[in-house]
Amino acid sequence: MYRSASAGHLLDLVRGGRARTRTDLASQTGLGRSAVSQAVTALIANGLLREVGQGTSTGGRRPVVLAFDQQAGVILAADLGATHSRIAVTDLGGEPLAEVAEDIDIARGPGIVLGWVEERFEDVLTLAGRTPGDVRGVGMGVPGPVEFATGRPVSPPIMPGWDGFPVPERFEERYGVPALVDNDVNIMALGEHRVKWSDSEHLLFVKVGTGIGCGIIAEGRIHRGALGAAGDLGHVRVSGHDDAVCHCGNSGCVEAVASGGAMARQLGALGLKARTSRDVVSLAKGGNPEAVRRVREAGRLLGQVLASAVNFFNPAAIVVGGDVADADQLLLAGVREVVYQRSPPLATQHLKIVQSALGDRAGIRGAAAMVIENVLSPDAVNQALAAEPPREAIA
Ligand SMILES: [Zn+2]
């Protein structure tokens, strides 16, 4: 209980389902009735709270029930992949209202790609019947390392022309709201966690597509590490593959052997028609024995790396996403086999190893969640209320 609770904290209590009425808010915070009323009035005037009917009486008058208004604004979310991107507009609860997915090559550079993103943002706003004035924040994931504080990509290997590019500024200027940019695997981890695993504090999200990456949720938050390089599992060495040269300059990296890109090269060398990770998946699903064998072995190699991560981090769940996770249960079977065998019983007792439930929509859900948690944080809400006094106060 804290007597200095602000309007932003009260909104947080209602959003989190911990308070439904002014009486709840008073008893949860220790604030007096008039202080609570004043803050609730400001939140209602700002559109964030609304009165939605009456609750059951506990003796006196029936209390008015308050609810967070998810429709009070919208969030623009973009999940930019190497060759394929998804754009969405969501409400303030993170639920997508409209979305589009298209092929666009990230290597065309920030000018062309971000211009394309802006056009698609306008499209999804129109589809959802909303306007640029409704936008409260912009969130984006990109397929490379990002310095999160500035939202700038840092030497991204597959994103020529993007190094140090001020991505957020472009959208902050256009919409006059905060814009946040993070690595794509981090936002996928966040999306999967917020939508499916919010009861678990610790989770690893592994993306196996053209490359291999991992997003870490620790104590419910994205763990980025000292310089944002946490979770770079793709370049952990696996035994017995010293001949596999990796684009990072080392050899024997798990990504150089077990990624969708590596398997496509191996199958292509056998004369099979496999150019991308999606080709590998369709061959495996079609029962091609070479593809089946490789995907399963890729799961085991990934399991080697993840067994160490499980020992070290003790997650409640490992969620596997990316194209290659779609190869029926082949990849997961390999991962499970090695992790349960190699990790100590205490770390695996309740460990769940599952396929991503959100699939290729995890990124936009996470990008939206990242921004919503920022623009609806108590401090941000208090600042917004101070900047825009309710109409009664002006009159
Ligand atoms: Zn490597």
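Basis of the calculations
Residues numbered from 1 in each chain as written. Predicted model: local features only at pLDDT ≥ 70, side-chain atom pairs only at ≥ 80, totals over all residues. Heavy atoms only, no water. Helix = DSSP H or I, 4+ residues; strand = E, 2+ residues; numbered from the N terminus. Rg over C-alpha atoms; globule rule 2.2 N^0.38 Å. Buried < 20%, exposed > 50% of the residue type's maximum accessible area, 1.4 Å probe, protein only. Contact = heavy atoms within 4.5 Å. Polar contact = N/O pair within 3.5 Å; in protein donor to acceptor, adjacent residues only side chain to side chain. Donors = N, O, S within 2.8 Å, 3.2 Å for Na, K, Ca; no water. Tetrahedral: all angles 85-135°; square planar, octahedral: opposite > 155°, others 65-115°. Phe/Tyr/Trp six-rings, centres within 6.5 Å; stacked < 30°, edge-to-face > 60°. Lys NZ or Arg CZ within 6 Å of the ring centre and 35° of its normal. Pairing = 2+ DSSP bridges. Salt bridge = Lys/Arg side-chain N within 4 Å of Asp/Glu carboxyl O. Axes fitted to C-alpha atoms, helices over the stretch in contact; angles between N-to-C directions. Parallel < 35°, antiparallel > 145°, perpendicular 65-115°, else oblique. Left-handed = near helix turned anticlockwise from the far one by under 90°. Nonpolar A, V, L, I, M, F, W, Y, C, P; charged D, E, K, R; others polar. Core = buried A, V, L, I, M, F, W, Y, C linked by side-chain atoms within 4.5 Å. pLDDT = per-residue confidence, 0-100.

Novice: Help me get a handle on the overall build of the protein chain, residues and values and all.
Specialist: A count of helical and extended segments in the protein chain gives 15 helices and 14 strands. A compact globule built from 395 residues should have a C-alpha radius of gyration of about 21 Å, and the protein chain, at 23 Å, falls within 12% of that. In terms of its C-alpha atoms, the protein chain occupies a principal-axis envelope of roughly 75 × 50 × 40 Å. Looking at the protein chain as a whole, 50% of its 395 residues are labelled buried. The contacts of the protein chain with a sequence gap of at least 6 include a subset with a gap of at least 24, amounting to 61%.

Novice: So what about the side chain of Asp-69? Which residues, and what values?
Specialist: Relative to the assigned elements, Asp-69 resides in the loop between strand S2 (64-68) and strand S3 (74-80). Polar contacts involving the side chain of Asp-69 include one to the main-chain amide nitrogen of Gln-71, which spans 2.9 Å.

Novice: Before we move on, could you go through the coordination of the zinc ion and cite the residues and values that matter?
Specialist: Ligation of the zinc ion by protein atoms is provided by His-235 (ND1), Cys-246 (SG), Cys-248 (SG) and Cys-253 (SG), these donors lying 2.0 to 2.3 Å from the ion. Taken together, the 4 donor atoms surrounding the zinc ion define angles of 104 to 120° at the centre, an arrangement classified as tetrahedral. Sequence spacing of the donors to the zinc ion: H-x10-C-x1-C-x4-C. The exposure class assigned to Cys-246 is buried, which follows from its relative accessible area of 6%. Residue class for Cys-253 comes out buried when judged on its relative accessible area of 2%.

Novice: Can you explain the packing of aromatic side chains? Please cite residues and give values.
Specialist: Aromatic ring pairs are reported here in terms of the distance separating the ring centres and the angle at which the planes meet. Scanning the entire structure with this criterion turns up 1 aromatic pair. Here the aromatic rings of Phe-121 and Phe-171 are separated by 5.6 Å at their centres, their planes lie at 75°, and the arrangement is edge-to-face. Here the residue Phe-121 occupies a position in helix H4 (residues 110-128), and Phe-171 occupies one in helix H5 (residues 167-175), the gap between them amounting to 50 residues. The exposure class assigned to Phe-121 is buried, which follows from its relative accessible area of 0%. We note Arg-15 situated over the ring of Phe-68; from NZ or CZ to the ring centre the distance is 5.5 Å. When the ring centre of Phe-148 is taken as origin, the NZ or CZ atom of Arg-224, which lies over that ring, is 3.5 Å away.

Novice: Before we move on, could you go through the side chain of Thr-348 and cite the residues and values that matter?
Specialist: Looking at the secondary structure, you find Thr-348 in helix H12 (residues 345-348). Leave out the neighbours within four places in its chain, and Thr-348 touches Val-310, Val-339, Tyr-340 and Ser-343.

Novice: Could you give an account of the pairing of strand S4 (residues 84-91), with specific residues and numbers?
Specialist: For S4, a buried count of 7 out of 8 residues is recorded, marking the element as mostly surrounded by other parts of the structure. Bridging between S3 and S4 involves 7 bridges; their strand directions are antiparallel. Its bridge partner being in S4, Leu-80 is matched across the sheet by Ser-85. Here S3 hands over to S4 after 3 residues, the two strands then running antiparallel side by side. Sheet topology note: the S4/strand S5 (residues 96-103) ladder contains 7 bridges and is antiparallel. Its bridge partner lying in S5, Val-89 is registered against Ala-98.

Novice: Lay out the pattern of salt bridges with the relevant residues and their values.
Specialist: For the structure on display, the rule yields 26 salt bridges. Put simply, Arg-120 and Asp-123 hold a salt bridge, and the shortest N to O gap is 2.8 Å. Taken together, the residues Arg-120 and Asp-123, both in helix H4 and 3 residues apart, mark about one turn of the helix. Judged by its relative accessible area of 12%, Arg-120 is buried. Looking at Asp-123, the relative accessible area reads 33%, which means it is partly exposed. A salt bridge links Arg-300 to Glu-297; the nearest nitrogen and oxygen atoms lie 3.0 Å apart. In this pair, Arg-300 and Glu-297 both sit in helix H10 (residues 289-313), 3 residues apart, roughly one turn of the helix. Exposure remark for Glu-297: the relative accessible area of 30% places this residue in the partly exposed category. One salt-bridge network, in which partners are shared between bridges, spans Arg-86, Glu-99, Asp-360 and Arg-361.

Novice: Go over the packing of helix H1 (residues 7-15) against helix H14 (residues 378-387) with me, naming the residues and quoting the values.
Specialist: Between two packed helices, the angle of one axis relative to the other and the distance separating the axes together describe the packing. The contact between H1 and H14 brings their axes to 7 Å, and the two run at 125°. One way to sum up the angle between H1 and H14 is to call them oblique. For H1 against H14, the interelement crossing comes out right-handed. In this structure, H1 contributes Ala-7, Gly-8, His-9, Leu-11 and Asp-12 to the contact, and H14 contributes Pro-378, Val-381, Asn-382 and Leu-385. For the contact of H1 with H14, the per-class residue count stands at 5 nonpolar, 3 polar and 1 charged.

Novice: Explain unusual backbone geometry residue by residue, including any values.
Specialist: We note that Glu-219 has phi near 50°; this positive angle belongs to a residue other than glycine. Although it is not a glycine, Asn-314 adopts a positive phi angle of roughly 50°. Along the chain, the position of Asn-314 falls in the loop between H10 and strand S13 (317-321).

Novice: Lay out the nonpolar core with the relevant residues and their values.
Specialist: By size, the foremost hydrophobic cluster in this structure holds 49 residues, and its most contacted members are Leu-11, Leu-25, Leu-43, Leu-48 and Leu-376. With 9 residues, the top contributor of residues to this core is helix H13 (residues 362-375). Leu-204, Val-238, Ala-244 and Val-339 belong to the second-largest nonpolar core, a separate cluster that totals 45 residues.

Novice: Go over the confidence of the model for the protein chain, please, and point to the residues and values.
Specialist: Mean pLDDT over the protein chain works out to 93, with 97% of the residues at or above the 70 mark. Confidence over residues 391-395 falls short of pLDDT 50; this stretch has 3 contacts with residues more than four positions distant or in other chains.

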